[in-house]
Amino acid sequence: MSLIQEIKVNAAKVLNEIYQIEFPIESVQVNDTKPEFEGDYTIVTFPFTKQTKQKPEEVAEKLGTALVALNTIFTSYNVIKGFLNLEISNAYFNDFLVANYTNTTFGQSASNGQKVMIEYSSPNTNKPIHFGHLRNIFLGYSLANILKETGHEVIKANLINDRGIHICKSMVAWIREGNGATPTSTGIKGDHLVGDYYVLYNDLFKKEVGVLVEQGLEKEVAEKQAPILIEAQELLRKWEANDEDTIQLWKTMNGWVYEGFDVTFKKLGVDFDKFYYESNTYLSGKEVALKGLKNNVLYQKEDHSVWIDLEADGLDQKLLLRGDGTSVYMTQDIGTAILKYNDYQMDKSVYVIGDEQNYHMQVLKLILQKLQEPCADGIYHLSYGMVELPNGKMKSREGNVVDADDMVAEMTSIAQKNTEELGKVEGFTNEELLNLYNTLGLGALKFYLLRVDPKKKMIFNPEESIDFHGFTGPFIQYTHARISSILRKANDIELKSVAIEMTAQEKGLLKQIEQFPTLLLQAAAEYNPSLVCIYIFNLAKEYNSFLANHSILKADTNEQMIFRLQISTLVKNVLAKGLNLIGINAPERM
RNA sequence: GGCUUCGUAGCUCAGCUGAAUAGAGCGUCUCACUACGGAUGAGAAGGUCUUAGGUUUGAAUCCUAACGAGGUCACCA
């Protein structure tokens with residue numbers, strides 16, 4: 001049981017004994033005591049005044065006296081207004097330290113039998129991965145780690161959107177202007193090559209529209225009649241008709257993209273357990289729609305199109321099958337959701353998707369519920385805000401995006417520059433250095449994207465993102481490397497149990513570390529990796545401050561040194577674990 | 001316009017299941033190496049928590065409205 005939980009349980013018990021009133025355990029508010037007051041944890045007693053009909057100070061006094069008498073973990077208390085400040089015994093933290101400094105699984109929860117699928121990344125195959133996708137990818141990967149750590153069985157899924165008009169646009173541009181170019185012939189990474197033709201398509205499209213407008217057509221009409229668009233639509237028709245040449249080209253170009261994605265995913269250090277392809281699933285929602293029609297959950301209009309009426313739920317009418325019987329985006333997603341469930345029977349299905357699809361996801365879940373599909377209730381949309389540049393949104397159509405590969409390369413080279421300027425390259429082989437730059441560059445990038453609450457939109461400030469000071473990944477990596485260095489020097493010192501008086505800062509560190517498992521559970525429950533970022537940053541900061549005030553290897557006594565080495569070991573383990581959970585490596589040296 | 005998310009220091013963000021003087025980082029200005037890693041630490045300045053009402057012993061936090069910003073309301077995906 002966590003310390004805070006233990007305080008709550010004890011307080012509720014004692015309140016019951018004093019007042020003969022049942023206070024639920026969760027009604028006890030326990031906060032960290034503010035630094036300007038004496039004590040470790042504070043119970044707020046205002047909430048108990050109504051039922052006890054006593055002043056908050058009185059309740060606090062009685063509660064404090066009883067707690068100190070009840071349990072040896074409480075050594076003393078003081079009351080200020082309605083706040084009961086409790087001091088926790090050093091022995092409690094000493095026991096905690098002894099029990100955990102060699103425990104490499106500290107923070108991990110036992111299996112809870114829950115199975116969760118996390119769908120993330122889910123790229124289109126007509127363009128490379130850009131900065132906005134990185135937020136998605138890091139979120140999904142990190143969340144998977146956090147859920148695993150807290151006892152869930154996790155399936156990482158990637159739904160590749162490999163069909164549709166967008167890829168046909170790249171194909172048309174390639175047919176027209178490509179002259180048989182391939183990644184090998186051009187030396188361009190496959191996803192970038194295909195992306196270039198997507199941008200080219202849009203250039204050509206604009207030109208053709210311009211010509212038509214000059215010929216006197218309305219802009220709106222011209223945008224529908226541009227020959228290149230007609231060609232792309234024709235290509236999509238051929239694809240759906242299984243035209244051999246079209247399928248062949250489609251396979252080839254998608255293949256280039258997958259090779260490119262593969263390189264990027266590896267570079268980013270993320271992976272997947274299961275890939276779904278929309279070309280395989282896009283027809284799959286149809287039978288469900290037809291079944292829904294039989295059950296009168298859906299209805300049919302005169303043109304044979306199939307709809308669901310969600311107006312009673314405050315939403316709109318939604319089309320599920322076109323008049324010609326073909327499916328739309330929503331139908332596909334229904335089919336895919338059911339397919340996934342049939343594959344894994346998971347308890348929860350998390351979709352990491354941008355907040356522009358909030359409405360879509362709400363409707364998807366509701367429709368599945370109305371269809372009484374077993375997968376419906378487990379659906380959770382982890383909605384995240386867009387990443388914006390200081391001067392506005394990125395649009396891949398216009399090519400003004402921050403490309404993910406470029407970004408990683410940029411961050412890696414900044415890591416190199418910083419390391420060289422600080423003269424910290426000695427003792428590394430070339431290969432180790434390259435590895436290190438990658439670790440630091442990615443550490444900075446991932447932390448920058450994960451430190452903000454997912455649901456909020458965030459601004460990507462290029463200057464700030466390359467900073468390696470303060471609330472950043474490298475700051476924490478640095479702290480980890482620093483501890484590692486100290487521990488290396490103390491390698492031959494035997495760590496045995498010691499009992500000493502601890503300083504306020506030592507106690508503070510232990511108190512913070514004790515909260516780590518609880519924090520992970522919270523991050524998992526809220527699907528929020530940023531909590532981990534904030535936590536390990538605060539821990540690293542506290543440790544650095546501790547280090548400035550305490551000598552370890554030159555401590556006054558041998559016991560003190562051993563005690564501080566044990567604390568350092570534990571801090572190091574927690575920092576490394578925290579970093580790993582958000583997908584960041586913790587270097588031994590840097 | 002309907003629905004929805006959001007508005008906290010010059011900037012980027014915590015705090016939002018109500019509770020003590022609203023916290024970090026960056027930036028600005030001081031200070032600290034006879035030290036285990038200065039990619040550090042200590043300190044200062046900087047806030048009518050968008051505004052106006054309401055609920056409450058108590059509101060940045062809950063409710064209502066206004067103002068401002070984003071998203072969405074396709075037989076696109």
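Since this is a predicted model, take the numbers as computed values, not measurements.

Novice: Help me understand the sheet that holds strand β3 (residues 74–80), please; the structure alone is not making it clear to me.
Specialist: What links the strands of a sheet is backbone hydrogen bonding, and the strands pair in either a parallel or an antiparallel sense. With respect to topology, four strands assemble into an open sheet ordered β1-β2-β4-β3, the strand pairing being antiparallel. Strands with a single pairing partner mark the edges of an open sheet, and in this sheet they are β1 (29–32) and β3. Each strand of the sheet is rotated relative to its neighbour by a mean of 30 degrees, with strand direction disregarded. By the bridge criterion, four bridges tie β1 to strand β2 (residues 41–44) in an arrangement that is antiparallel. Residue pairing across strands places Val30 opposite Ile43, the latter belonging to β2.

Novice: Which parts of the structure should I look at to understand the protein's contact with RNA strand B?
Specialist: Taken together, 58 residues lie around RNA strand B, and Asn161, Lys424, Tyr478, Arg482 and His550 are the ones closest in. Between RNA strand B and Leu553, the relevant distance is 2.7 Å, taken from a base oxygen to a main-chain nitrogen or oxygen of the residue. Contributions of two or more residues to the surface near RNA strand B are made by β2, β4 (83–88), β14 (458–459), α19 (473–489) and α22 (530–549). Its residues placed into classes, the surface near RNA strand B shows 26 nonpolar, twelve polar and 20 charged.

Novice: I'm lost on the pattern of salt bridges in this one. Help?
Specialist: Opposite charge on two side chains allows them to pair when their charged atoms are near. Applying the stated criterion across every chain yields a total of 22 salt bridges. Between Lys577 and Glu149 there is a salt bridge whose closest N-O contact spans 2.9 Å. Residue Lys577 is located in helix α23 (residues 558–581), and its partner Glu149 is located in helix α5 (residues 131–149); the two are separated by 428 residues in the primary sequence. Each member of the pair, Lys577 together with Glu149, is buried. The partner of Arg237 in a salt bridge is Glu234, with the nearest N and O atoms 3.4 Å apart. Pair noted here: Arg237 and Glu234 are both in helix α10 (residues 227–240), with a separation of three residues, about one helical turn. Here the residues in one salt-bridge network are Asp40, Glu87 and Lys507, joined through shared partners.

Novice: Got a minute to help me understand the packing of α19 against α23 in this structure?
Specialist: For any two helices packed against each other, one specifies the inter-axial angle together with the distance between the axes. At their nearest, the axes of α19 and α23 sit 10 Å apart, and the two run at 145 degrees to each other. As for the relative orientation of α19 and α23, their crossing is left-handed in sense. Residues Ile476, Gln477, Thr479, His480, Ile483, Ser484, Ile486 and Leu487 of α19 lie in contact with α23, whose contacting residues are Leu565, Ser568, Thr569, Val571, Lys572, Leu575, Ala576 and Leu579. Here the residues of the contact of α19 with α23 sort into nine nonpolar, six polar and one charged.

Novice: Looking at this model, I keep getting lost on helix α16 (residues 404–421). Mind explaining?
Specialist: Note on helix geometry: an α-helix contains 3.6 residues per turn, so any two residues three or four positions apart are oriented the same way. For α16, with 18 residues, the first-to-last C-alpha span of 26 Å sits near the 26 Å given by 1.5 Å per residue. For α16, the complete set of buried residues consists of Ala404, Asp405, Met407, Val408, Met411, Thr412, Ile414, Ala415, Asn418 and Thr419. With a side-chain oxygen positioned 2.9 Å from the backbone nitrogen of Asp405, the residue opening α16 is Asp403.

Novice: What is the right way to look at the packing of aromatic side chains in this model?
Specialist: Two measures describe an aromatic ring pair: the distance that separates the ring centres and the angle between the ring planes. One pass over the full model with this rule turns up 23 aromatic pairs. Summarising the aromatic geometry, the rings of Tyr380 and Tyr527 are spaced 4.5 Å apart at their centres and angled 25 degrees between planes, so their arrangement reads as stacked. Placement of the pair is Tyr380 in strand β12 (residues 379–384) and Tyr527 in the loop between α21 (516–525) and α22, with a sequence separation of 147 residues. One aromatic cluster in this structure is built from Tyr120, Tyr258, Phe261, Phe265, Phe272, Phe275 and Tyr277. Taking NZ or CZ as reference, Lys340 lies 4.0 Å from the ring centre of Tyr351, over its face. Positioned above the aromatic ring of Tyr41, the side-chain terminus of Lys511 is 4.8 Å from the ring centre.

Novice: How do you make sense of the domain arrangement of chain A when you look at a structure like this?
Specialist: A common way to state how big an interface is: give the accessible area lost once the parts meet. Once the domains are mapped, chain A shows domain 1 (3–88), domain 2 (164–274) and domain 3 (404–581). Once you take the C-alpha centre of each, domain 1 and domain 3 turn out to be 34 Å apart. At the interface, eight residues of domain 1 touch four residues of domain 3. Of all residues in domain 1, Leu3, Asp40 and Tyr41 bury the most surface against domain 3, accounting for 63% of the area lost on that side. Put simply, domain 1 and domain 3 have three salt bridges between them. Salt-bridge contacts for Asp32 lead to Lys511; the nearest nitrogen and oxygen are separated by 3.6 Å. Of all elements in the fold, only α1 (3–19) and β4 reach the threshold of two or more residues within the side of domain 1 that touches domain 3. Here the side of domain 1 that touches domain 3 is composed, by residue class, of four nonpolar, one polar and three charged.

Novice: So what exactly am I meant to see when it comes to the layout of surface pockets here?
Specialist: Gaps left between atoms show up when a probe the size of a water molecule is rolled over them. Estimates place the volume of the second largest pocket at around 560 Å³. Taken together, 20 residues make up the lining of the second largest pocket; nearest its centre are Gly39, Asp40, Ala504, Gly508 and Lys511. Residues lining the lining of the second largest pocket come from more than one domain, with at least three contributed by each of domain 1 (3–88) and domain 3 (404–581).

Parameters at a glance
- Residues numbered from 1 in each chain as written.
- Chains lettered and ligands numbered in written order.
- Predicted model: local features only at pLDDT ≥ 70, side-chain atom pairs only at ≥ 80, totals over all residues.
- Heavy atoms only, no water.
- Pairing = 2+ DSSP bridges.
- Helix = DSSP H or I, 4+ residues; strand = E, 2+ residues; numbered from the N terminus.
- Axes fitted to C-alpha atoms, helices over the stretch in contact; angles between N-to-C directions.
- Near = heavy atom within 4 Å.
- Polar contact = N/O pair within 3.5 Å; in protein donor to acceptor, adjacent residues only side chain to side chain.
- Nonpolar A, V, L, I, M, F, W, Y, C, P; charged D, E, K, R; others polar.
- Salt bridge = Lys/Arg side-chain N within 4 Å of Asp/Glu carboxyl O.
- Buried < 20%, exposed > 50% of the residue type's maximum accessible area, 1.4 Å probe, protein only.
- Left-handed = near helix turned anticlockwise from the far one by under 90°.
- Contact = heavy atoms within 4.5 Å.
- Expected span 1.5 Å × (residues − 1).
- Phe/Tyr/Trp six-rings, centres within 6.5 Å; stacked < 30°, edge-to-face > 60°.
- Lys NZ or Arg CZ within 6 Å of the ring centre and 35° of its normal.
- Domains from an automatic or database assignment.
- Buried area = accessible area lost by both parts, 1.4 Å probe.
- 1 Å grid on protein atoms, 1.4 Å probe; cavity = no way out; pocket = protein on both sides within 12 Å on 5 of 7 lines; lining within 4 Å.
- Points joined across faces, edges and corners; volume = space filled by probe spheres on them.

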